[in-house]
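A closer look at the structure
Listed below, chain by chain, are the residues.
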Amino acid sequence: MRLGYFLSCEEYTPAELVEQARAAADAGFEGLWISDHFHPWNNEQGNSPFVWSVIGAISQVCDLPVTTAVTCPMVRTHPAIIAQAAATSAQMLRGKFTLGVGSGEALNEHILGDVWPSAEVRLEMLEEAVALIRELWTGEVVTTEGKHYKVDHARIYNLPEVPTEIYVSGFGPKATELAARIGDGYINTAPDAELLTRFQEASGGKPAQAGAKVAFAPTKEEGWKHAHRLWPNAGLPGEMAQILPTPEHFEQATGLVTEQMTRDSVVGGNDPEDHLEQVKEYADAGYDELYVANMGPHFREMIAFYGQHVLPKLR
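The numbering scheme is per chain: residues are counted from 1 as the chain's sequence reads. Per-residue local features are limited, in this predicted model, to residues with pLDDT of at least 70; the limit for side-chain atom pairs, both in listing and counting, is 80 or more; totals at the level of whole chains, interfaces and linings are taken over all residues. Processing note: side-chain calculations cover all non-hydrogen atoms of the structure and skip hydrogens and water entirely.

Before going further, it helps to examine helix α1 (residues 14–27). A run of DSSP states H or I qualifies as a helix once it reaches four residues; a run of E qualifies as a strand once it reaches two. Both are numbered from the N-terminal end. A helix is expected to span 1.5 Å multiplied by its residue count minus one. The end-to-end C-alpha separation of α1 is 20 Å, in line with the 20 Å expected for 14 residues at 1.5 Å each. Where α1 is concerned, the buried positions are L17, V18, Q20, A21, A24 and A27. Residues of α1 that are buried sit in contact with β1 (2–7), β2 (32–34), α2 (51–58) and α13 (299–314). Two residues or fewer past α1, G28 is found with a positive phi of approximately 105°. Only protein chains enter the calculation, and the probe is 1.4 Å; a residue is then buried if its accessible area is under 20% of its type maximum, exposed if over 50%, and partly exposed in between. Between two residues, a contact is recorded if the distance between any of their heavy atoms is within 4.5 Å.

Pasting the structure below:
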């Protein structure tokens, strides 16, 4: 399994994200994930830079492949604009770019005052958006009107030499079935072997990526404190992550997430075996690639630690 580094736009400044990308390449990570948000999950995280600007900067400091994890090409941003942004990013990254897409969260997509659709409608919109993006990537002039989107005499001039693949996230059966039908690959953030098997069987064995977080620190206790302060939203159940509309709502909801819940679910500290065990969970589930993010201030130490103690053992 390939191991990459996950850049969290919600927690770090643009300059820190670029620094992390360069350090990850130097440490031996094999790729980058980067989140696409308008808001962070909570105010403590405190950041949310425009992902396409950050990707442009990353293209100038390292040669790793980049995947958006994930972009919602449906409400806040029209799929024609995503098609242009992704094509430019792929060209700047010399073809080493994958457009990861998903059906989004109200947290980011409500900002223009649009109604947040039901899950069923969002999947319908995602399917139409992906088809439109691929049509625009032909480089031909496109004029079309679908159920949700229309474009008038649109053409993308800057396209990469290598066709860009689209990976689709799926956190439930219906979304996973859609990913198998329209995606070149699959994205998830849990070592869910059942959903991955569903995807693989329906897609004929297309590749799958996953993301995970750790709280690297000199001690487990310190790591867990950073995780609970910054990312308690990771402990929210069900569809809450998709329907809560503001960071303030997430802060209210995460009052239900206890510190013990964080300890039970987060890899904290600096014991290589703990970090390797999490990697093994995703490998055993069948994922082809895992991207690991750090929570807290010790990202430089975490990247160096993985380069010295985790990546060599995986190889």
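The element strand β7 (residues 165–169) is extensively covered by neighbouring structure, given that 4 of its 5 residues are classed as buried. At least two bridges found by DSSP between two strands is the condition for calling them paired. Bridge count for strand β4 (residues 97–101) against β7 is 4 bridges, and the pairing is parallel. Bridge pairing in β7 places V101 opposite V168. Strand direction decides the pairing type here: β7 and strand β8 (residues 185–188), joined by 3 bridges, are parallel. For S169, the partnering residue across the bridge sits in β8 and is I187.

With that settled, consider the pattern of salt bridges. A side-chain nitrogen of Lys or Arg and a carboxyl oxygen of Asp or Glu constitute a salt bridge if their distance falls within 4 Å. As enumerated under the stated definition, the model contains 16 salt bridges in all. A salt bridge links R229 to E44, with the nearest nitrogen and oxygen atoms 2.9 Å apart. A residue pair is termed long-range when its members are at least 10 positions apart, and R229 in helix α8 (residues 220–230) and E44 in the loop between β2 and α2 qualify at 185 residues. Residue R229 is classed as partly exposed on the basis of its relative accessible area of 38%.

What follows covers helix α7 (residues 193–203). Along α7, the positions that sit buried rather than exposed are L195, L196, F199 and S203. All buried residues of α7 project into a common sector of 100° when viewed along the axis, lining one side. Counted as exposed and oriented over 90 degrees from the buried face of α7: E194 and E201. Among the structural elements, α6 (173–182), β8, β9 (208–215) and α12 (272–285) are those in contact with the buried residues of α7. Polar contact is the term for a pair of N or O atoms within 3.5 Å; when the atoms are in protein, one must be able to donate a hydrogen and the other to accept it, and sequence-neighboring residues count only if both atoms are side-chain atoms. The backbone nitrogen of E194 lies 3.1 Å from a side-chain oxygen of the residue at the head of α7, namely D192. G204, located one to two residues past α7, shows a positive phi value of around 80°. In this context, the arc is that of the directions from the helix axis out to the C-beta atoms.

The next thing to look at is the packing of α1 against α13. One way to put it is that α1 packs onto α13 with a least axis distance of 10 Å and a crossing angle of 15°. Judged on the interaxial angle alone, α13 and α1 are roughly parallel. Where α1 crosses over α13, the handedness of that crossing is right-handed. Across from E16, E19, Q20, A23, A24 and A27 in α1, the residues of α13 making contact are F299, R300, I303, G307 and L311. Lines fitted to the C-alpha atoms define the axes, with helices restricted to the stretch that makes contact. Angles between their N-to-C directions range from 0 to 180 degrees. Should an angle fall under 35 degrees it is taken as roughly parallel, and over 145 as roughly antiparallel, whereas 65 to 115 is taken as roughly perpendicular and any remaining angle as oblique. Put simply, a crossing is left-handed when the front helix is turned counterclockwise from the back one by less than a right angle, and right-handed when it is turned clockwise.

Turning to the nonpolar core, a few remarks are in order. Put simply, a nonpolar core is a bunch of buried Ala, Val, Leu, Ile, Met, Phe, Trp, Tyr and Cys residues held in one set by side-chain atoms that sit within 4.5 Å of each other. Counting residues in each nonpolar core, the largest one holds 81 residues, and the members touching the most others are L32, I58 and L99. Considering each element in turn, this core owes the most residues, 8 residues, to helix α5 (residues 119–136). Not counting residues up to four positions away in its chain, the partners in contact with L99 are W52, T68, T71, I82, A86, I133, W137, T164, E165, I166 and Y167. Judged by nonpolar contacts, the second largest core, of 14 residues, contains W41, L107, L230 and V266.

On to the side chain of S59. Considering the arrangement of structural elements, one finds S59 in the loop between α2 and β3 (66–68). A relative accessible area of 4% means that S59 is categorised as buried. Of the polar contacts made by the side chain of S59, one reaches the backbone oxygen of G56; its length is 2.6 Å.

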